[in-house]
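What the coordinates show
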Amino acid sequence: MEISSNGAETQPKFALPVDSEHKATEFRLFSAAAPHMRAFHLSWVSFFACFVSTFAAPPLLPIIRDNLNLTATDIGNAGIASVSGAVFARLAMGTACDLFGPRLASASLILLTAPVVFFTSIASSPVSFLLVRFFTGFSLATFVSTQFWMSSMFSAPVVGTANGVAGGWGNLGGGATQLIMPLVFGLIRDIGAVKFTAWRIAFFIPALFQTLSAFAVLLFGQDLPDGNYKRLQKSGDKQKDKFSRVFYHGITNYRGWILALTYGYCFGVELTIDNIIAEYFYDRFNLKLHTAGIIAASFGLANIISRPGGGILSDAMGKRFGMRGRLWTLWTVQTLGGVFCIILGQVNSLSASVAVMIIFSFFVQAACGLTFGVVPFVSRRSLGVISGMTGGGGNVGAVVTQLIFFKGSRYSKETGITLMGIMIICCSLPLFLIYFPQWGGMFCGPSSAKTATEEDYYMSEWSSNEKDKGLHEASLKFADNSRRERGRSVHSQTLPSNATPPADV
Amino acid sequence: MAARALLLGFILVFACFSDTCFAIIYFSSLQRTLVVTASHPQRLLKAGEDKITVTWGLNQSFPAGTDSAYKTIKVQLCYAPISQVDRAWRKTHDSLSKDKTCQFKIVKTPYTTTNHTSEWTIERDVPTATYFVRAYALDAQDQQVAYGQNTDAKKTTNLFEIQAITGRHVSLDIASVCFSAFSVVALMGFFFAEKRKGGKAQQ
């Protein structure tokens, strides 16, 4: 089968250079050209809005806890609830992206969770507070649509970077909200509202922002470089896939489960810190609300370069050392994150705490970016399900960590942070078990068997019936484009441009 | 980035400064030389509406001259033990700089040797909890030198409850509902429009 790269007259013109799937091979941050960079900007802004809403409560907790008469247990439970909703929502979102496309899937979720953020203004008891935080947390599933959308728009050389920047700038919302909410609250209170009313009014800001970003996604976004799912499915350019097959091939891939666990201990840790850090600084060092908010914000704000840095590092390692480089770097960075987490729990002075926290944030967030440099290669057919599993695993990590170490008054927050660091190191070890036959794993090189090629790996997701119908074409193109994951020394050999799948019926 | 570093430096300097300037005062080292009583219309009070009348004065059974260092009296509203359970941000510490028991100031006036009475309307940012009243005698450096409270040492008698305002308003409730409905309706509108566009494209 010939894969033509210059079908000049019939191919639409793109602003960026593209590969055979029309995915951009370059990432130009300051461009908003349709469809690639526009999709990037829409996805990170809408994801940012969801993060702002989900973590809008923590910086205002010193006020809310008095208004709603919350105990430390109530606060802990609400924190756990805020990240547990997204566990299954992320998996569902992954499947929805595979079936309906990221544009509709993400905009629907955002517009359906915006009402809950509005209703936060009406919360009047610990139970209602827990419920609004639980349902608002569902919006964090837009992470999956962000990563899926980037993986659909950007090619292997830049997919780590695109995923890292989109994810990182979205996660920024968790830091920005620690600054925005106390500021908005202060403004409203100074205008004349009483404290217990001012925080309620303040919640309208994230809610409105969320609603408007969803509108932008619906109006200006498109699912794939060639168009939206519905139109492509009608014209026959995109095959409509079956939910059961997509789901099956996703959950039976063991690499997805390992990445879900390890992501729980970089992203899950990030979510946990977003929930506890403002109160930690406010209570432990007797700071003002505003000051605690600024310090807490600097953790999330590091995302502006740390997660993208992880993605860029992953792509650089992938270019030189292939998939093995990506895996080794991920393990190293995440383990170092664990080390600095242990140190954070041990230091006693304010300035040392802030310094260690910032270093810790760089490592833990870069690990998130590095994880999504590996995820796009685990599966092509079930990319959404794998992204959803990994993303959901991140939230499971946050739930488990908060349940064990940060609920009620069992451990002091400092002890909890140290123990969390130890858990990060232990839960990063399973990365050693990831193995791709065509590229190798951390300890083993690629298999020398004849059936260990990129095509074999990605074609194994399709049955011969489905291949007869030609449903596997997109995966074939992807397999060819992913050959770069062998690393520079191997890739420099001339490889045939059209690879016929061996032993085809 | 520079502004943040400056702010951090400021906090650090201030933290060091405040530690060296003031010696650590422990509550257990203070003498209970003041008699404090608090009266209120009923046991359950409403924030923003009800008033508490506080009376304080030196306990006459102490020798004369006990109050020579007293310059100011600070009367505060303090949390009773039942409202401190599972709430580390209201915890009682012996070191007064870390103590979070008394978080609301009722009144702060210069010390007079005669008994003093003050009426205080409960402020609207006082949360729902059980309280008692404590008065600290401060010296010229604003450091606590003695105290008195309207309850016993175990903080079990003469407690009263305050019911906070909810902070909710009807206009807020209505705005929330309207905006929420708008989001959902807008989503359905988009779906409808897409379906119609898809139908047209097929023709």
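In this text the structure is predicted, and so the values were computed from the model without any measurement.

1. What to know about the overall build of chain B
Scanning chain B from N- to C-terminus turns up two helices and ten strands. Reading chain B from its N terminus to its C terminus gives the helix and strand order α-β-β-β-β-β-β-β-β-β-β-α. Counting over 203 residues, chain B shows a buried share of 41%. Of the contacts made within chain B by residues no fewer than 6 positions apart, 74% connect residues no fewer than 24 positions apart. A total accessible area of about 11,700 Å² is found for chain B, and carbon and sulfur atoms account for 61% of it.

2. Section: the state of the cysteines
Going through the model one piece at a time under the given rule, you end up with one disulfide over all chains. What pairs with B:Cys78 in a disulfide is B:Cys102, and their sulfur atoms sit 2.1 Å apart. Disulfide B:Cys78 to B:Cys102: torsion about the S-S bond roughly 100°, handedness right-handed. Within this pair, whereas B:Cys78 is found in strand S5 (residues 72-79), its partner B:Cys102 is found in strand S6 (residues 102-110), the two being separated by 24 residues in sequence. For B:Cys78, a relative accessible area of 0% puts it in the buried group. This cysteine, A:Cys341, is not joined by any disulfide, and A:Cys426 carries the nearest cysteine sulfur, 12 Å off. When its relative accessible area of 0% is taken as the criterion, A:Cys341 is described as buried.

3. Observations regarding the UniProt feature "transmembrane region" (unreviewed entry) in chain B
Feature annotation in UniProt places "transmembrane region" (unreviewed entry) on residues 174-193 of chain B, given in this structure's numbering. With 100% helix and 0% strand, the stretch residues 174-193 of chain B has end C-alpha atoms that lie 28 Å from each other.

4. Some words on the side chain of A:Thr197
Take A:Thr197: it is sitting in helix H8 (residues 195-202). Relative accessible area serves as the criterion here: at 7%, A:Thr197 is assigned to the buried category. The residues contacting A:Thr197, other than those within four sequence positions of it, are B:Gly167, B:His169 and B:Leu172.

5. A closer look at the pattern of salt bridges
All names here are of chain A. As enumerated under the stated definition, the model contains 18 salt bridges over all chains in all. Glu-21 is the partner of Lys-23 in a salt bridge, and the nearest nitrogen-oxygen pair spans 3.8 Å. Overall, the relative accessible area of 5% leaves Lys-23 in the buried class. What you see here is one network of salt bridges that share partners, running through Glu-454, Glu-455, Asp-480, Arg-483 and Arg-486.

6. Re the environment of A:Ser20
Residue and element names in this part refer to chain A. With respect to the helices, strands and loops of the structure, Ser-20 is situated in the segment before helix H1 (36-54). Judged by relative accessible area, Ser-20 falls into the partly exposed class, the value being 23%. As a C-alpha pair, Ser-20 and Phe-478 span 458 residues in sequence and 8.6 Å in three-dimensional space.

7. Points about the nonpolar core
Of all hydrophobic cores here, the largest spans 87 residues; its most connected members are A:Leu259, A:Val269, A:Leu271, A:Phe281, A:Phe360 and A:Phe377. Beyond its immediate stretch of four places on either side in the chain, A:Leu271 contacts A:Phe51, A:Phe55, A:Val83, A:Leu140, A:Asn395 and A:Ala398. In this structure, A:Trp44, A:Met150, A:Val217 and B:Leu187 belong to the second largest nonpolar core, which totals 33 residues.

8. Structural notes on the sheet that holds strand S4 (residues 51-58) of chain B
All names here are of chain B. Pairing is antiparallel in the open sheet, where three strands are placed in the order S2-S4-S7. Where the open sheet ends on each side, the last strands, each with one partner, are strand S2 (34-39) and strand S7 (116-121). Direction aside, neighbouring strands of the sheet carry axes that sit 20° apart on average. Strand direction decides the pairing type here: S4 and S7, joined by six bridges, are antiparallel. The residue bridging Lys-51 from the neighbouring strand is Thr-121, located in S7.

9. Focus on unusual backbone geometry
If you check the backbone angles, A:His22 has positive phi at about 70° while not being a glycine. Mapped onto the elements, A:His22 comes out in the segment before H1. A residue is classified by how much of its surface remains accessible, and A:His22, at 11% relative accessible area, is buried. Even without being a glycine, B:Asp86 presents a positive backbone phi close to 60°. Mapping B:Asp86 onto the fold places it in the loop between S5 and S6. Residue classification places B:Asp86 among the partly exposed residues on the basis of a relative accessible area of 23%.

10. Observations regarding the interface of chain B and chain A
The interface is formed by 40 residues belonging to chain B together with 49 residues belonging to chain A. Interface of chain B and chain A: buried area, both sides summed, is about 3,800 Å²; carbon and sulfur atoms make up 67% of it. A salt bridge links A:Arg103 to B:Glu194; the shortest N-O distance between them is 2.4 Å. Linking chain B to chain A there are twelve residue pairs in polar contact (both at pLDDT 80 or more). Taken together, the elements giving at least two residues each to the side of chain B that touches chain A come down to helix H1 (2-21) and helix H2 (170-202) of chain B. It is H2(B) that contributes the most residues to the side of chain B that touches chain A, 16 residues altogether. Taken together, the residues that form the side of chain B that touches chain A break down as 21 nonpolar, nine polar and ten charged.

11. So, the packing of aromatic side chains
All names here are of chain A. Under the definition given, this model contains 43 aromatic pairs over all chains. Seen in terms of ring centroids, Phe-134 and Phe-138 are 5.3 Å apart; in terms of plane orientation they differ by 85°. Their pairing is edge-to-face. Phe-138 sits in the partly exposed class, given a relative accessible area of 24%. The interplanar angle of 90° and the centroid separation of 6.0 Å between the aromatic rings of Trp-328 and Trp-331 together place this pair among those described as edge-to-face. In this pair, Trp-328 and Trp-331 both sit in helix H15 (residues 306-346), three residues apart, roughly one turn of the helix.

Calculation criteria
- Residues numbered from 1 in each chain as written.
- Chains lettered and ligands numbered in written order.
- Predicted model: local features only at pLDDT ≥ 70, side-chain atom pairs only at ≥ 80, totals over all residues.
- Heavy atoms only, no water.
- Helix = DSSP H or I, 4+ residues; strand = E, 2+ residues; numbered from the N terminus.
- Buried < 20%, exposed > 50% of the residue type's maximum accessible area, 1.4 Å probe, protein only.
- Contact = heavy atoms within 4.5 Å.
- Areas by Shrake-Rupley, 256 points an atom, 1.4 Å probe, with all protein chains shown as cover.
- Disulfide = S-S within 2.5 Å.
- UniProt positions renumbered as here; feature names shortened; annotations may be inferred.
- Salt bridge = Lys/Arg side-chain N within 4 Å of Asp/Glu carboxyl O.
- Core = buried A, V, L, I, M, F, W, Y, C linked by side-chain atoms within 4.5 Å.
- Pairing = 2+ DSSP bridges.
- Axes fitted to C-alpha atoms, helices over the stretch in contact; angles between N-to-C directions.
- Buried area = accessible area lost by both parts, 1.4 Å probe.
- Polar contact = N/O pair within 3.5 Å; in protein donor to acceptor, adjacent residues only side chain to side chain.
- Nonpolar A, V, L, I, M, F, W, Y, C, P; charged D, E, K, R; others polar.
- Phe/Tyr/Trp six-rings, centres within 6.5 Å; stacked < 30°, edge-to-face > 60°.

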